[in-house]
Amino acid sequence: MVSHIDADGLSAAAVAVRALERLGKPYDVEFLKSLRPGDVERLKNENPDTLWFTDLGAGAASLFANVEPVISDHHVPSARGRYHLNCHFSGEDGSRYLSGSTTTYLVARAISRDNRDIAPISIVGCVGDLQDTDAGRLPGMKAHVVAAARAAGLVAAVDTRY
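Residues numbered from 1 in each chain as written. Predicted model: local features only at pLDDT ≥ 70, side-chain atom pairs only at ≥ 80, totals over all residues. Heavy atoms only, no water.

Peer 1: Explanation requested: helix α5 (residues 141–151) in the structure shown.
Peer 2: Residues that lie three or four places apart on an α-helix share one face, since the helix turns once every 3.6 residues. Within α5, burial applies to K142, V145, V146 and A149. For α5, the arc enclosing every buried residue in end-on projection is 100 degrees, short of the 170-degree limit, so these residues lie on one face. Exposed residues pointing more than 90 degrees away from the buried face of α5 are listed as H144 and A151. Those residues of α5 that are buried are in contact with α3 (100–111) and α4 (119–128). Looking one or two residues past α5, G153 carries a phi angle of roughly 75 degrees, positive in sign. (Buried < 20%, exposed > 50% of the residue type's maximum accessible area, 1.4 Å probe, protein only. Helix = DSSP H or I, 4+ residues; strand = E, 2+ residues; numbered from the N terminus. Arc of directions from axis to C-beta. Contact = heavy atoms within 4.5 Å.)

Shown next, in the form of structure tokens:
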């Protein structure tokens with residue numbers, strides 16, 4: 001797994017790690033500021049069975065011939081992939097509608113409904129990515145994640161005003 005080295009990326013990786021642990025799947029995690037050509041070559045040479053990019057890799061789908069990466073990202077994509085979840089593909093703004101951690105949370109929820117308890121981690125990622133600053137709340141799909149977490153008793157309230 002490769003993730004962005006910011007609050008949203010750290011949270012996205014935590015969500016993905018928890019989902020993989022529940023599946024009993026082995027994993028390694030690497031955090032990068034950006035995906036540079038040298039990183040791509042190194043990752044290709046490692047020849048992984050699966051490569052999951054969280055909050056990073058919006059353009060990675062076309063870079064790997066030996067493995068089709070899983071990408072859960074909210075940045076503007078430069079390529080589509082078979083396993084690429086990104087709100088831009090449905091015309092939504094990734095700086096407002098979803099964060100990398102909530103996109104990764106949606107993947108974790110698709111893997112198993114048991115992963116709903118990971119929602120608070122994805123909420124932390126949204127706030128860490130400053131996605132609440134325009135509206136003073138978490139809009140878009142993030143609001144649904146907050147509502148589901150509240151309904152499940154996982155969070156009492158999310159007040160991002162400071």
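Still more to cover.
Peer 1: I keep staring at α3 and nothing clicks. Help me out?
Peer 2: The end-to-end C-alpha separation of α3 is 17 Å, in line with the 16 Å expected for 12 residues at 1.5 Å each. Where α3 is buried, its residues touch α1 (7–23), β3 (52–54), β4 (70–72), β5 (83–85), α4 and α5. (Expected span 1.5 Å × (residues − 1).)

Peer 1: Is there a simple way to explain unusual backbone geometry in this structure?
Peer 2: Across the chain, the bulk of peptide bonds are trans and the bulk of non-glycine residues have phi less than zero. Positive phi is not limited to glycine here, since N47 has a value of about 50 degrees. Looking at where N47 falls in the secondary structure, it is placed in the loop between α2 (37–46) and β3. Overall, the relative accessible area of 48% leaves N47 in the partly exposed class.

Peer 1: I keep staring at the packing of α1 against α4 and nothing clicks. Help me out?
Peer 2: In a packed pair of helices, the relevant descriptors are the angle between the two axes and the axis-to-axis distance. Close contact between α1 and α4 brings their axes to 7 Å; oriented N to C, the two are set at 165 degrees. Comparing their axes, α4 and α1 come out roughly antiparallel. In this structure, the crossing between α1 and α4 has a hand that is left-handed. Contacts between α1 and α4 involve A7, D8, S11, A14 and V15 on the former and, on the latter, I121, S122, V124, G125, C126 and G128. Taken together, the residues of the contact of α1 with α4 sort by class into six nonpolar, four polar and one charged. (Axes fitted to C-alpha atoms, helices over the stretch in contact; angles between N-to-C directions. Parallel < 35°, antiparallel > 145°, perpendicular 65-115°, else oblique. Left-handed = near helix turned anticlockwise from the far one by under 90°. Nonpolar A, V, L, I, M, F, W, Y, C, P; charged D, E, K, R; others polar.)

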